[in-house]
Each structure stands twice: as structure tokens, then as C-alpha cells.
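Architecture and fold: a report
So the chains spell out like this:
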Amino acid sequence: MDHSRFNHCCYTFIIIFITGVLATQVGSIGINYGQIANNLPSPEDVVSLVKCIGATKVKLYDADPRVLRAFANTGVEFMVGLGNEYLSKMKDPNKAQAWIKSNLQPYLPSTKITSIFVGNEVLTFNDTSLTSNLLPAMQSVHTALINLGLDKQITVTTTHSLAVLQTSYPPSSGAFRPDLAPCLAPILSFQAKTGSPFLINAYPYFAYKANPKQVPLDYVLLQPNQGMVDPATNLHYDNMLFAQIDAVYTALGSLGYGKLPVHISETGWPSKGDEDEAGATVENAKKYNGNVIKMSSKKGTPLRPNDDLNIYVFALFNENMKPGPTSERNYGLFKPDGTPAYNLGFSLSSSTSSPPSNDAVNNSTNSGAPPQPPTSSTGYLSISSATSLHVVGQLGSSNGNTFCCDLPVASNREYTLSLAGLGRKDKKKDNTPNEGLEKKRLCLLELFVVNFVKLIDIT
């Protein structure tokens, strides 16, 4: 693995996400870390990528010891999975406890494991055996956590497909499938008692793919649009994801569990698809995922405006061994070599350009290649933020890199920090690595991050 490539990618994403995520200083984003591939980087390299995109939470589909070990002492929160194939075994509390002692306990507390999801979209598999085993397995895992003194730090939940809903439009009519209600009610009761969130996998992409002529593209991409008004609540929705979340809240309320928090355990958009997969393009993936990441820093939905948004983007990597249509292998924010699959909506432009709207990702076209540095020192990263902060700079120039935090005119302040040749592995005259220079650059980078955060506080 070429570590220099990952370091360069990391430096680039630090600059992008300092401006795009830290500038808001609210909320956080989660990422799904799937591994159905034979060409992914090592977990040690993945740590850098997760941090670089500003993710503070990771959803792992198993309890891979390499991953849990690599993320020790990083502060990243982990939700680990117990696959559907484990449900029958996990009904036995002794086996559940043995699994936790073997697969999770050795990595605690260094690795911050906060949740276990037992089974994935079990109720919509229409498998009576899986369905009957789900709640007993969840209860056994929770009992095991109690016995091990871990129940206060690790919750037990399960993930659901949006297909558990019978109706979702308008949001006020959200209701679970009648045939699933008898199974859901005891599960919801368990979750309400243990304090775990209701996890839903929501993909507006699927709604568009199924009916591209009727579903407005901007509405599903979270782009500016007229939206819709729920006739029963008079609430305005300008994107389908929020409408889906509130439909779930309504359905939960109809069963008496309206206070149960809803987390989006998966949402994403593919950057490539087959001919019959409408909308699966780099441009649409960039818009959707970029807008979701920005949205995650804000509060609530129309129905729950004061609740935190807990969203896990799917997925970290393109996974080349996933079965199914082409789209299944192209949901990643990153390619397996660690380069971005596309620019997440932060465009490089000249200093005379105006910043994009705060409501949506930049609409400019993109070839799908990673963002390239500007060709002159007047280039800047356009930032969609209410304070119109800009980071002026040049990456990879021959005369060093100057970054300028350009504040609104009213504040009349400007801070400049030179990060000469940041990330290059310069060598001494005798061709040995100049470790001192490398340390200085890393210190400068840290200083830049710290001062940028302070700068945001000032404004």
C-alpha cells in the first residue's frame, strides 16, 4: 500500500472538511465500512480516511478484529454487526456472552464500541425462521452485556429496510406493514426499555430509479426545489429523505413508540449503474452524498426539528465483489486505492467566483476524478457555509502552499499560514528522509486546524 497516496488524500480531505464540516460545529456523520471486496486498503490506512472525511462513527457489518484493533484510541464510535446467520445461535445467552467476550471485550475500552446491531433487514426477508429468532437473539445479547457490565455503554438494536412501511407518503400517513406489526411491537418494546435507537436503511435513490419520470430528481438529491406540503400537518418537505424519516416517526407513533429515536443506518447514491438504473451517475452521487454530509451538521426534520440527525452514509469504498447490478459495486466515497470516487461538492475555483448556495452542493459538472489543485495562487476552495468562510490556497505548487482564512467583510480579519510543500517526503542531500521537516509540516498542519477552529469561534 502506497502510504504517501493516503497521506496526500488525507491532507486534501482535511482542508475540505475543515471548511465544510467544522465550520458548522454541529452534529457528525457516520460511515458504513463494508468489506465485500478483494482490493481494499488495510484497516490501518482506513483510519486516516475515516478521520479525513470528518466521520466520527463507523458501522461495521461484523466484528473484524483487524478493524477494531486499528481504530483503538481514535475516539471513533463503532456499531458492530451480528449477521443474520448468527441469530439462531445468539438465542442462547451463553453463546451470546461467549461471542462478546471473544469478539468485543478484548478491544474495550480502547476501541469505542457503542452498539451492536443484531441482524440486517431481517423482517423484510420474509423468512419465518429468521424473524422468530430476531428478538430472542437481541434479548440474549443484551443479557450478556448486563452480565459483563457493558450494558451502559453498548446498546442492542437491529436494522430495517424502509420496506417495513406499508405507506410513507405523505409522511403523516406513515404506517408499518400490517403483517409485520405483531413482530415489531415486542422489538420496539425491548428497544424502548433498553434505550436503543430504531435503525432504518433509507435510499431515496430507489424511489427515483423505480419511477424517474414521476419523482423529481432535485427532490431526491436534496437540491433546491419547491418540495411538497403534507396536507395533514402543513409541514413543508424539500427532500425525500426527511419525508421518509418522518414517515417512520409517524409509524412508530401509531404503535405507541413515537419517542423512540430514529437513526439512518444506511443511505447513499451509486456513482455508476447499468443502463436500466436511472440516475446512477457520478454527478448525482456527488450531489446526494455531499448534501447528506452537510445536512448531518444541522438539526432535525420538519416533524422533529430539535432532534439530532444521526446518519450513516453508505459506503466508504466501492466493493468489487458485491453481487447484483453494477450500482451495488459503486456506492463508495472512495476507490480502493484511497482516492475519492468524486469531488464531494466542494469545487475549486478562482478567487473572483462567488461561493455556492448554502442549500445544496455545487451543480457544476465533474468528470468523477478526484479534485485537482488550482493552477495559480489565486485559487480557493468554495465553501457552502452561512459565514461565507473561504480557504485560499494552492496545493502542490512549486513555491509552497499558502492558505488564507478569508472571513466576512464585517469581521475584517485575515489569517495566513504557510504550509510549504505539505505532505511531500523531502530528503536531505544524502538522500535520507528529512524527518525534522516532516515533523514541522505536521505541526503546521495541526496548528492550522487548531487556529481555524478558534477562528470559527471568534466569528
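Please refer to the structure placed before this passage.
My aim in this report is to walk through the structure given alongside it, one point at a time. These figures come from a predicted structure and were not determined experimentally. (Residues numbered from 1 in each chain as written. Predicted model: local features only at pLDDT ≥ 70, side-chain atom pairs only at ≥ 80, totals over all residues. Heavy atoms only, no water.)

As for unusual backbone geometry
Convention followed: Only runs of H or I of at least four residues qualify as helices and only runs of E of at least two qualify as strands under DSSP, and these elements are numbered from the N terminus.
The residue after Leu-108, namely Pro-109, is reached through a cis peptide bond having omega 0°. Structurally, Pro-109 can be placed in the loop between α5 (93-103) and β4 (112-120). In the segment running from Phe-314 into Ala-315, the intervening peptide bond is cis, with an omega of 10°. Among the secondary structure elements, Ala-315 is positioned in the loop between β12 (311-313) and β13 (348-350).

Overview of the sheet that holds β12
The condition that has to hold: Two strands qualify as a pair provided that DSSP identifies no fewer than 2 bridges between them. The axes are straight lines fitted to the C-alpha atoms, using for helices just the contacting stretch, and the angles between their N-to-C directions are given from 0 to 180°.
Taken together, 8 strands build a closed barrel; the order of strands is β1-β2-β3-β4-β5-β8-β11-β12 and the barrel is parallel. Strand-to-strand, the axes of this sheet are offset by a mean angle of 25°, without reference to chain direction. With 3 bridges joining them, strand β5 (residues 155-161) and strand β8 (residues 198-201) adopt parallel strand pairing. Looking at the pairing, Thr-159 lines up with Leu-199 of β8.

Let's talk about the side chain of Glu-319
Our working definition: With a 1.4 Å probe rolled over the protein chains alone, any residue whose accessible area is under 20% of its type maximum counts as buried; one over 50% counts as exposed, and the rest are partly exposed. Positive: Lys, Arg. Negative: Asp, Glu. His and the chain ends are not part of the count. Criterion for a salt bridge: a side-chain nitrogen of Lys or Arg within 4 Å of a carboxyl oxygen of Asp or Glu. Definition of a polar contact: a pair of N or O atoms within 3.5 Å, with one able to donate and the other able to accept a hydrogen when the atoms are protein atoms, and with sequence-neighbouring residues admitted only if both atoms are side-chain atoms. Whether two residues touch is decided by their heavy atoms; if any such pair falls within 4.5 Å, the residues are in contact.
Residue position: Glu-319 is located in the loop between β12 and β13. Buried charge Glu-319 goes without a salt bridge, the closest partner of opposite sign being Lys-322 at 4.7 Å. At a separation of 3.2 Å, a polar atom in the side chain of Glu-319 contacts the main-chain amide nitrogen of Gln-35. Excluding its chain neighbours within four sequence positions, the residues that come into contact with Glu-319 are Gly-34, Gln-35, Ile-36, Ala-37, Phe-314 and Arg-329.

Considerations on the side chain of Asn-32
Structurally, Asn-32 can be placed in strand β1 (residues 29-33). Using a relative accessible area of 0% as the deciding quantity, one classes Asn-32 as buried. Reaching out from Asn-32, the side chain makes a polar contact with the side chain of Lys-59 at a distance of 2.9 Å. Asn-32 has contacts with Lys-59, Tyr-61, Ser-265, Glu-266, Tyr-312, Val-313, Phe-314, Ala-315 and Leu-316, leaving out every residue within four places of it along the chain.

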